[in-house]
Amino acid sequence: LAVDYQIMPRLCLHGGVTLENGVTPARNFEPGLAESDNVETALGTTVDIGDHWRFSTTISWQQFANVEVKKSLQTPTTNGSYTDRRFYLVLDVEYRL
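Now for a description of the structure that goes with this document. (Residues numbered from 1 in each chain as written. Predicted model: local features only at pLDDT ≥ 70, side-chain atom pairs only at ≥ 80, totals over all residues. Heavy atoms only, no water.)

Before going further, it helps to examine the environment of Pro 9. You can see Pro 9 is positioned in the loop between strand S1 (2-8) and strand S2 (11-20). A residue is classified by how much of its surface remains accessible, and Pro 9, at 75% relative accessible area, is exposed. Residues Pro 9 and Asp 48, spaced 39 residues apart in sequence, show a C-alpha to C-alpha distance of 8.5 Å. (Helix = DSSP H or I, 4+ residues; strand = E, 2+ residues; numbered from the N terminus. Buried < 20%, exposed > 50% of the residue type's maximum accessible area, 1.4 Å probe, protein only.)

This is the structure:
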């Protein structure tokens, strides 16, 4: 789900929520590879500066479901409890001809 709201002709706000189902069974779980169910929320803005420059920024937070691995098939095993949270900051400067 994503929403854009044009505040003024040169200023736009963005927001979104993404849900993703992880498909990797716990026994094959690889820590740090973002394999579990997760939700991501994001807020951002785009500003046109003059006729050629555009500046965009987005802040995102991604929260993964906790995973309990008990019968790992990995070598070495990855048995244990895992959680993963990620924060992203994206800055973009664009020049258009």
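Moving on, there is more to tell.
Let's shift gears to unusual backbone geometry. Across the junction of Thr 75 and Pro 76, the peptide omega takes the value -5°, indicating a cis bond. Assignment of secondary structure puts Pro 76 in the loop between strand S5 (67-69) and strand S6 (80-82). In the Ramachandran plot, Ala 34 falls in the positive-phi region, its phi being about 55° despite a non-glycine side chain. Turning to its location among the elements, Ala 34 is positioned in the loop between S2 and strand S3 (38-49).

Tallying each qualifying case throughout the model produces two aromatic pairs. On the numbers, 5.4 Å between centres and 45° between planes, the contact of Phe 29 with Tyr 82 is tilted. One end of the pair, Phe 29, is in the loop between S2 and S3; the other, Tyr 82, is in strand S6, with 53 residues separating them in the sequence. (Phe/Tyr/Trp six-rings, centres within 6.5 Å; stacked < 30°, edge-to-face > 60°.)

Here we take up the sheet that holds strand S7 (residues 85-95). Taken in spatial order, the five strands of this open sheet run S1-S2-S3-S4-S7, and their pairing is antiparallel. Each edge of the sheet is formed by a strand with only one pairing partner; in this case those strands are S1 and S7. Neighbouring strand axes in the sheet, compared pairwise and without regard to direction, differ in orientation by 10° on average. Relative to S7, strand S4 (residues 53-64) runs antiparallel, the two being bridged by eleven bridges. (Pairing = 2+ DSSP bridges. Axes fitted to C-alpha atoms, helices over the stretch in contact; angles between N-to-C directions.)

What follows concerns the environment of Thr 41. Mapped onto the elements of the fold, Thr 41 is located in strand S3. Sequence spacing of Thr 41 and Trp 53 is twelve residues, and the spatial spacing of their C-alpha atoms is 27 Å. Leave out the neighbours within four places in its chain, and Thr 41 touches Gly 16, Val 17, Ile 59, Ser 60 and Trp 61. (Contact = heavy atoms within 4.5 Å.)

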